[in-house]
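# Inside the fold
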Amino acid sequence: MLFQLTEEQLMIRQAARDFAQNELKPGVIERDEHQKFPAEQIRMLGDLGFLGIMVSEKYNGSGMDALSYVLVMEELSKVDASASVVVSVNNSLVCYGLEAFGSEFQKEKYLKQLASGQHIGAFCLSEPEAGSDATSQQTTAEDRGDYYLLNGTKNWITNGSTASTYLVIAQTDKGLKHRGINAFIVEKGMEGFTVGPKENKLGIRGSDTHSLMFNDVKVPKENRIGEDGFGFKFAMKTLEGGRIGIAAQALGIAAGAYELALAYAKTRKAFGKPIADHQAIAFKLAEMATQIEAARLLVYKAAWLKDQGQPYTLAGSMAKLYASKVAMDVTVEAVQIHGGYGYVKEYHVERLMRDAKITQIYEGTSEIQKLVISRDILA
């Protein structure tokens, strides 16, 4: 077992850390308050190559490994989960899905722009009646010969109004159930495609979350990803990698809250000495540090397995299940350590606590992760 990062990985982590502190932190409270999408910061992340980290250089990507991606996600998420979720969706769901399963035409037309950050992507699976039950797709794609006619609604779509390229999962043949599902590339501006109002959320308020409506949208046949009926498998394979990205986000949220709590505990005094010198606080910090380190090892292992070309479904689900729990536990304790100051926005920890909750919900709820894990260990 080697626990040492390469020189390149150390450099990428430092670059992400510097960007988070210098570019994301200023204004992050205001963006959260006003639900403002970090457009300028996302453009800069594209320039750094962070929107196509794992994409090969042939398609304008950075050609790095999954562990480098996890390191970037961790550092960005310490400061701004609304920005890091854009990085996660664009990398794990959109770019990965297109590079792994798309045609050469689709890679040339769409992947190159997504990997370089010229365009942002969105992954459209969830519906009003199809969240965890992804097989119950009500969005339909009727085969009309040289195009599909797309109708339906998608919910909770990250990058809903800012994306240019949307990967949409839809049912082509209900009689075939999950084998009748397909994945399509839809472009912003296609006739009949409209974006609903922005969701007013508890956390990741800077993230651009919308419902999408498709009313007789004509999608060219060449925009179907893979063979007919491949859509459900495409979604599940893509989400496996997405779980690693969100696990890294949860890890970063927890680590960011812990670092703030540690610094605060060393300077805030009570009863004549820093509160870190009181065992009640010191023990909280000890448990937080241990939980974060355990989560980090799970997340890094999942990324490492992916890089080695080994199965990572179980590891990814374990990482997401545990890291998201740690994110909630640690951020709650960080607020507690800050006392009354933790309850006000300027100290950041209340925002991190609000941001943490979504990591237990999207990219597969904690309950779904337990289902995946239990099926594997009981097989």
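Here goes a summary of the coordinates provided.

## A few points about the overall build of the chain
- When its secondary structure is counted, the chain shows 11 helices and 10 strands.
- Against the 2.2 N^0.38 benchmark of 21 Å for 379 residues, the chain shows a C-alpha radius of gyration of 21 Å, consistent with a compact globule.
- Considered along the principal axes of its C-alpha atoms, the chain spans approximately 80 × 45 × 35 Å.
- Evaluated residue by residue, the chain yields a buried proportion of 52% over its 379 residues.
- Sequence-distant contacts, at least 24 apart, represent 73% of the contacts inside the chain between residues at least 6 apart.
- For the chain, the computed accessible surface area is about 16,600 Å², with 53% contributed by carbon and sulfur atoms.
- Averaging the positions of the 42 positive and the 46 negative side-chain charges in the chain gives two centres separated by 4 Å.

## What about helix α11 (residues 366–378)?
- Taking 1.5 Å of rise per residue, the 13 residues of α11 would be expected to cover 18 Å, and the 18 Å separating its terminal C-alpha atoms lies within 8% of that figure.
- Listed as buried for α11 are Ser366, Gln369 and Ile373. All buried residues of α11 fall inside an arc of 55° around its axis, so they share one side. In α11, the exposed positions that point more than 90 degrees away from the buried face belong to Glu367, Arg375 and Leu378.
- Residues of α11 that are buried sit in contact with α7 (231–267) and α9 (313–338).

## Topic: the pairing of strand β3 (residues 147–158)
- Examined bridge by bridge, strand β2 (residues 140–143) and β3 share 4 bridges and lie antiparallel to one another. Its bridge partner lying in β3, Glu142 is registered against Leu149.
- Remark: 3 residues form the turn of the hairpin made by β2 and β3, two consecutive strands paired antiparallel; Gly145 in that turn has positive phi of roughly 100°.

## Describing the environment of Ala83
- Inspection of the secondary structure puts Ala83 in helix α5 (residues 81–101).
- Through-space distance from the C-alpha of Ala83 to that of Ala270 is 36 Å; in sequence the pair is 187 residues apart.
- With near-sequence residues (within four places) excluded, Ala83 lies in contact with Leu24, Pro38 and Ile42.

## Focus: the packing of aromatic side chains
- Scanning all chains against the criterion turns up 11 aromatic pairs.
- Centre to centre, the rings of Phe123 and Phe234 are 6.5 Å apart; their planes meet at 35°, and the pair counts as tilted. Pair noted here: Phe123 is in strand β1 (residues 121–124) and Phe234 is in helix α7, with a separation of 111 residues, a long-range link. Like Phe123, the residue Phe234 is buried in the burial classification.

## Focus: the pairing of strand β5 (residues 181–187)
- Along β5, 6 of the 7 residues are buried, which leaves the element largely enclosed by surrounding structure.
- Judged from the 7 bridges that link them, strand β4 (residues 165–171) and β5 form a sheet pairing that is antiparallel. Looking across to β5, one finds that Thr165 is bridged to Glu187.
- With 2 bridges connecting them, β5 and strand β8 (residues 224–225) associate as antiparallel partners. In the strand pairing of β8, Ala183 is matched with Ile225.

## So, the pattern of salt bridges
- Counted under the stated rule, the structure contains 19 salt bridges.
- Arg144 is the partner of Glu142 in a salt bridge, and the nearest nitrogen-oxygen pair spans 3.1 Å.
- According to the relative accessible area criterion, Glu142 is partly exposed, its value standing at 43%.
- One salt-bridge network, held together by shared partners, links Asp32, Glu33, Lys345, Glu350 and Arg354.

## Digging into the packing of helix α1 (residues 7–24) against helix α4 (residues 66–77)
- In the contact formed by α1 and α4, the axes pass within 8 Å of each other and the chain directions differ by 25°. With respect to α4, the axis of α1 lies roughly parallel. Crossing of α1 against α4: the hand is right-handed. Taken together, the residues of α4 that come into contact with α1 (itself represented by Gln9, Ile12, Arg13, Ala16, Arg17, Phe19, Ala20 and Leu24) are Leu67, Ser68, Leu71, Val72, Glu75 and Leu76.
- Along the lines of polarity and charge, the residues of the contact of α1 with α4 split into 9 nonpolar, 2 polar and 3 charged.

## Focus on the side chain of Ser88
- Its place among the elements puts Ser88 in helix α5.
- Residue classification places Ser88 among the buried positions, given a relative accessible area of 1%.

Reading the values: the criteria
- Residues numbered from 1 in each chain as written.
- Predicted model: local features only at pLDDT ≥ 70, side-chain atom pairs only at ≥ 80, totals over all residues.
- Heavy atoms only, no water.
- Helix = DSSP H or I, 4+ residues; strand = E, 2+ residues; numbered from the N terminus.
- Rg over C-alpha atoms; globule rule 2.2 N^0.38 Å.
- Buried < 20%, exposed > 50% of the residue type's maximum accessible area, 1.4 Å probe, protein only.
- Contact = heavy atoms within 4.5 Å.
- Areas by Shrake-Rupley, 256 points an atom, 1.4 Å probe, with all protein chains shown as cover.
- Lys, Arg positive; Asp, Glu negative; His and termini not counted.
- Charge placed at Lys NZ, Arg CZ, Asp CG, Glu CD.
- Expected span 1.5 Å × (residues − 1).
- Arc of directions from axis to C-beta.
- Pairing = 2+ DSSP bridges.
- Phe/Tyr/Trp six-rings, centres within 6.5 Å; stacked < 30°, edge-to-face > 60°.
- Salt bridge = Lys/Arg side-chain N within 4 Å of Asp/Glu carboxyl O.
- Axes fitted to C-alpha atoms, helices over the stretch in contact; angles between N-to-C directions.
- Parallel < 35°, antiparallel > 145°, perpendicular 65-115°, else oblique.
- Left-handed = near helix turned anticlockwise from the far one by under 90°.
- Nonpolar A, V, L, I, M, F, W, Y, C, P; charged D, E, K, R; others polar.

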